[in-house]
Amino acid sequence: MDTVWKIVIGAGIGLAVVWLALIAALLLAGRRYERPALIEMLRLLPDLLRLLKRLAGDTGLPRSVRVRLWLLLAYLVVPIDLIPDFIPVIGYADDAIIVALALRSVARRAGPQALHKHWPGTPTGLAAVLRAAGIRSES
């Protein structure tokens, strides 16, 4: 019985360490984005979700891109987050950072034209998404 408790406590400590490392990685990744960019991403979340769904369903994109997008959509739909959503501001900021990192990855692999093709929102919103993905707007 004593050995079982040691294993359970060790696993709990290990999970806590991994969770803290992921939080630290998100905070470091978030520093690359300006605070207004994160606020814009939060406002654009409904359009971003539609964009991600459309991109994930586009069979013209490479399979690796579609798999990444489906994994991202699963992360956003599952109620378990790295930082719970009920925590003010940072609860949704982790989602915005992960979406921005995924969009950057998708834009590099699939090209910004895929984002232009599938964007459901306004041109201003698309410009904000392109900025968050690290792509210069063509204007």
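Preceding this paragraph is the structure being described.
Residues numbered from 1 in each chain as written. Predicted model: local features only at pLDDT ≥ 70, side-chain atom pairs only at ≥ 80, totals over all residues. Heavy atoms only, no water.

### Details of the pattern of salt bridges
And step 1. In this structure the tally under the stated criterion is 3 salt bridges.
And step 2. A salt bridge links K6 to D2; the shortest N-O distance between them is 4.0 Å. A residue pair is termed a helical-turn pair when its members lie 3 or 4 positions apart in one helix, as K6 and D2 do in helix α1 (residues 2–30) at 4 residues.
And step 3. You can call D2 exposed: its relative accessible area is 55%.
And step 4. Residue D58 pairs with K117 through a salt bridge whose shortest N-O separation is 3.9 Å. Remark: K117 occurs in helix α6 (residues 112–118) and D58 occurs in the loop between α3 (45–57) and α4 (63–77); sequence separation between them is 59 residues.
And step 5. Relative accessible area serves as the criterion here: at 15%, D58 is assigned to the buried category. (Salt bridge = Lys/Arg side-chain N within 4 Å of Asp/Glu carboxyl O. Helix = DSSP H or I, 4+ residues; strand = E, 2+ residues; numbered from the N terminus. Buried < 20%, exposed > 50% of the residue type's maximum accessible area, 1.4 Å probe, protein only.)

Nothing here speaks to function; it is all geometry.
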